[in-house]
Amino acid sequence: MALQAALLPSTLSVPKKGNLATVVKDTAFLSVSQKKVSSLSVRAQVATAPVATPGSSTSSVDKKKTLRQGVVVITGASSGLGLAAAKALAETGKWHVVMACRDFLKAAKAAKSAGMAEGSYTILHLDLASLDSVRQFVDNFRRAGMPLDALVCNAAIYRPTARTPTFTADGYEMSVGVNHLGHFLLSRLLLDDLKKSDYPSRRLVILGSITGNTNTLAGNVPPKAGLGDLRGLAGGLSGPNSNGSAMIDGAEEFDGAKAYKDSKICNMLTMQELHRRFHEDTGITFASLYPGCIATTGLFREHIPLFRMLFPPFQKFVTKGFVSEAESGKRLAQVVSDPSLTKSGVYWSWNKDSASFENQLSQEASDPEKARKLWEISEKLVGLA
Ligand code: NDP
Ligand code: PMR
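The protein is annotated in an unreviewed UniProt entry as NADPH-protochlorophyllide oxidoreductase from Eragrostis curvula. Looking at the Subcellular location (unreviewed entry) heading of the UniProt record, one finds this comment for the protein: "Plastid, Chloroplast".

Peer 1: How should the environment of Ala-246 be read in this particular structure?
Peer 2: With respect to the secondary-structure elements, Ala-246 resides in the loop between α7 (231-234) and α8 (256-282). Owing to a relative accessible area of 8%, Ala-246 belongs among the buried residues under this scheme. Counting along the chain gives 13 residues from Ala-246 to Leu-233, while the straight-line C-alpha distance between them is 7.9 Å. Among all residues touching Ala-246, those that are not within four sequence positions of it are Pro-165, Glu-173, Leu-237, Ser-238 and Phe-254.

Peer 1: Help me understand the pattern of salt bridges in this model?
Peer 2: Pairing of side chains with opposite charge becomes possible as their charged atoms draw close. On inspection of all chains with the given rule, the structure shows 17 salt bridges. Two residues, Asp-192 and Lys-195, come together in a salt bridge whose shortest N-O distance is 3.9 Å. Placement of both Asp-192 and Lys-195 in helix α6 (residues 174-196) is noted, with a separation of three residues, approximately one turn of the helix. Using a relative accessible area of 39% as the deciding quantity, one classes Lys-195 as partly exposed. As a salt-bridge pair, Glu-364 and Lys-370 come within 2.8 Å of each other at their nearest N and O atoms. Owing to a relative accessible area of 19%, Glu-364 belongs among the buried residues under this scheme. Among the ionic contacts, a cluster of salt bridges with common partners joins Arg-68, Asp-149 and Asp-198.

Thresholds applied
- Residues numbered from 1 in each chain as written.
- Chains lettered and ligands numbered in written order.
- Predicted model: local features only at pLDDT ≥ 70, side-chain atom pairs only at ≥ 80, totals over all residues.
- Heavy atoms only, no water.
- UniProt positions renumbered as here; feature names shortened; annotations may be inferred.
- Helix = DSSP H or I, 4+ residues; strand = E, 2+ residues; numbered from the N terminus.
- Buried < 20%, exposed > 50% of the residue type's maximum accessible area, 1.4 Å probe, protein only.
- Contact = heavy atoms within 4.5 Å.
- Salt bridge = Lys/Arg side-chain N within 4 Å of Asp/Glu carboxyl O.

Have a look at this one:
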């Protein structure tokens, strides 16, 4: 069937996009943003314990509290879901969005053309394909003096046609390096900042996907996700002193589509491991989600043109799993800030009427032993252990 042939990963390859990263070093610019964060406050009902925050005050008359703006960091906010969620959150006036992006100019243009109000966001450079850049981002963020109330690990790359691996600055296979290892280090470092926040509901959100879950039809489209016994990751994922495999399961042959799906299992396992290790002590909400099939985003930029043409109508009219960028942005914004989604350790999804529900992960994506092992190996690879 022509449609199936077009939608299944092909062997054609498309040139990789160049990286036009610009590093933000201007601390004057950062301090302007900081001022904006603390000076803009939002009237809101606070149901939780009182918070002592800059810009907050209590009225003994109406028992209302002025809640300061929350600060949310969103990785990969220069396009697709990340940009749509950044816009949705910024528009409420309740959030200042830190857009953590590898391409400063692209992010600046994207924010402008999305109509985001000046002062509602700050762009900071982050290239998840470099662990040094992740550490530098954390330093820059801290120097900016903003609190951290929510972190969204959203950025990702998908290399469906790649038959040979490419590598991060640290020598790790690119999909796992960017989608999982970069975010793993970022989450671990920023956890301290989330702990320090006095915001009523602090959240750490990591994007998952249906295609990483083999308990779904979409998750059974080949190549299927599967981490095996993690021998490829433990073997260094082709980095320095690696055992040679660029696949997490240690497979000899590289498969770009599987590498992405594997990285999504890592994202969902990491969220649950964070929940087990830190939720009770810190009260931070850890969550993951499948936002729906946003078939029009840049995620598919490396796929063949025929796929990019047929995928949106296929998802709209055949699977009916299609969701617009704007709608997916609202869903992610909900996971960041909706008072009814405070439960930790949940993988959220939405039904046809766009109502959220707690979804079931596949056996592998919810295996606590695998999550622990993944955590320990990842710690070593990012230099935390
Ligand atoms: P996009 O390609 O539109 O967005 C991905 C973002 O990640 C871009 O902003 C991109 O930056 C950024 N990025 C890529 N590499 C790096 C890097 N090395 N450092 C920093 N940022 C980087 O894709 P989507 O919006 O579709 O994807 C967003 C998330 O949603 C992903 O986690 C994806 O797995 C998930 N998801 C998507 C689905 C879909 O149907 N699209 C379905 C399920 C989950 P740049 O703009 O510079 O390229
Ligand atoms: Mg899938 C039954 C529903 C369904 C849903 C919700 C998705 C979502 N897909 C479904 C079914 C199918 N897909 C079927 C039956 C086929 C065979 C024709 C199919 C094919 C297919 C391909 C080739 N689908 C894909 C691809 C991709 O390259 C995308 C991918 O795997 O990216 C990793 C993809 C996706 N399908 C989805 C979603 C959400 C994706 C992409 C994004 C992601 O998981 O992040």
